[in-house]
Amino acid sequence: METLERILAQHQFFKDLSPEYLTLVTGCASNVRFEQDQNIFRVGDEANQFYLIREGRIALQLFSPDRGHITVETLSEGDILGWSWLIPPYYYVFDAKVLDVTRAIALDGKCLRRKCEEDHNLGYELLKRFSSLLEHRLETTRLQLLDLYGVRS
Amino acid sequence: MASVLELSSDRTEVAASPMLPRPFVIKKVRRETEDTFTVELDPREGRSRFEFLPGQFNMLYVYGVGEVPISISGDPAGSTLVHTTRAVGAVTKAMAELRRGDVIGIRGPFGTSWPVAEARNKDVVFVAGGIGLPPLRPALCEILSHRESYGKVVLLYGTRTPSDILFKDELEQWRARFDLEVFITVDRASAGWRGNVGVVTTLIQKAGFDSRNTLAMIVGPEVMMRFTTIEFIKRGVNPDSIYLSMERNMKCGIGLCGHCQFGPVFICKDGPVFRYPQIKDLMVKWEI
């Protein structure tokens, strides 16, 4: 049976993380499953978790009274869901709704924050990885904003 | 200087002149989206099939209005010549008004083609952005008709909104195949859309290809193609195995007029399909 530690070690996000830190991170991890149309979190919820999606699809949404639920991005296998656990005041700013049944590894943000405070090297390792993730999301969001496929004349 | 017509009295040679449009009759017009349509054409004289290579384009002449370069979007093995375009300028808007039985002029085919032979025994990833799907379709049809000669075949397709998705029926048929993976994403979702949302580059990591043995064919806006290429290279695909189809203001179609000059190359003659290293440095120069 695959252990959580092995699954985390094989994921791109934790690639080359030292075994010692991997064990620390695994101590904050658990397997979770979400059913179709379930809300994993909603805007304003306390952000105490992030998720490594193993299977399934999730929509990041905002609700607008005149347009309803607007999906701004979808995430699927291999993606990381949620970084609000890392940034004060630790509240989610989007809704996360399950499109297809999803299996994921949930990582306890409070647990990780505590471990990062105790060991700043671990904190730096995680911040480097999240910075890279944020950079990628920012880049793709900027491309989305360009409206590249719009009519030019 | 003698004109093309004066150079030869032989009708066949004159008809084959790259500067002389041949009349084609519209057999069918199909509306793909609100502003995009497909025309199926047959030569007015003779019943010979229109031979072309996937990725090539024609100059389409709407009599009395003007001429525009449009990629061929049909199956190379098909019986009719097929073009899909967006009604965006004077000529294409006039073309959108044409009906079955109307005649337009065709010059071509022009330009380089997709490397379908080089792709044999490799995984093939097609990436189309917006109106970039039609120029890829002939290559995809060709590969699907010789499916056993290729590894994994994946189509990644990004559009602006769900209502901008082209070839919806065919996409459904492609999705139903077990030997082709199709991923579609939109930049802006409408209510009720349960598909993917995000730029097409985000699909590359989902495609699951063997990066050491993959050939990528990309068509779309240049910015999209640049970021798509970066993503492929980041994932270990050899830059020599990445091909892009470029678009410029093609006029003559044979590299004489210079309208489509792109640094040292002419898009109409040296392209439109280029191997990425050929144009890598040019793509980031906005001065040219």
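Side note on the pairing of strand E12 (residues 242-245) of chain B
All names here are of chain B.
Point 1. Here E12 shows no split at all, with Ile242 and Leu244 on one side and Tyr243 and Ser245 on the other all buried.
Point 2. Assessed by its sense of winding, the connection that carries the chain from strand E11 (residues 214-219) through helix H6 (residues 222-234) to E12 is right-handed.
Point 3. With 3 bridges connecting them, E12 and strand E15 (residues 273-275) associate as antiparallel partners. Within E15, the residue paired with Ser245 across the bridge is Val273.

Focus on helix H4 (residues 133-145) of chain B
Residues and elements named next belong to chain B.
Point 1. Here H4 is 13 residues long and its end C-alpha atoms lie 18 Å apart, about the 18 Å a rise of 1.5 Å per residue gives.
Point 2. Among the 13 residues of H4, 10 are classified as buried, and the element is accordingly described as predominantly covered.
Point 3. For H4, the complete set of buried residues consists of Leu133, Pro134, Pro135, Leu136, Arg137, Pro138, Ala139, Leu140, Glu142 and Ile143.
Point 4. Where H4 is buried, its residues touch strand E4 (66-71), strand E5 (81-86), strand E7 (123-129), strand E8 (153-159), E11 and E12.

Notes on the pairing of E7(B)
Residue and element names in this part refer to chain B.
Point 1. Among the 7 residues that make up E7, 7 are buried, leaving the element largely enclosed by the rest of the structure.
Point 2. Burial of the side chains of E7 extends over both faces: Asp123, Val125, Val127 and Gly129 are buried on one face and Val124, Phe126 and Ala128 on the other.
Point 3. Summarising the sheet, E7 and E11 pair through 6 bridges and their orientation is parallel. Residue pairing across strands places Val125 opposite Ala216, the latter belonging to E11.
Point 4. Bridging between E7 and E8 involves 6 bridges; their strand directions are parallel. By the bridge assignment, Val127 is partnered in E8 with Leu156.
Point 5. One crossover worth recording links E7 to the parallel E8 by way of H4, and it is right-handed.

Notes on the domain arrangement of chain B
Point 1. For chain B, the domain assignment lists domain 1 (4-110) and domain 2 (123-245).
Point 2. Here the C-alpha centre of domain 2 of chain B lies 26 Å away from the C-alpha centre of domain 1 of chain B.

Examining the sheet that holds strand E9 (residues 181-186) of chain B
Residue and element names in this part refer to chain B.
Point 1. The strand order across the open sheet built from 7 strands is E10-E9-E8-E7-E11-E12-E15, with neighbouring strands paired in mixed fashion. Of all the strands in the sheet, the pair left with one neighbour each is strand E10 (196-197) and E15.
Point 2. Against the sheet, H4 touches E7, E8, E11 and E12, its axis set at about 160 degrees to E7.

Reading the values: the criteria
Residues numbered from 1 in each chain as written. Chains lettered and ligands numbered in written order. Predicted model: local features only at pLDDT ≥ 70, side-chain atom pairs only at ≥ 80, totals over all residues. Buried ≥ 20, exposed ≤ 12 C-beta atoms within 10 Å, placed from the backbone. Helix = DSSP H or I, 4+ residues; strand = E, 2+ residues; numbered from the N terminus. Right-handed = clockwise from strand over helix to strand, strands pointing away. Pairing = 2+ DSSP bridges. Expected span 1.5 Å × (residues − 1). Contact = placed C-beta atoms within 7 Å. Domains from an automatic or database assignment. Axes fitted to C-alpha atoms, helices over the stretch in contact; angles between N-to-C directions.

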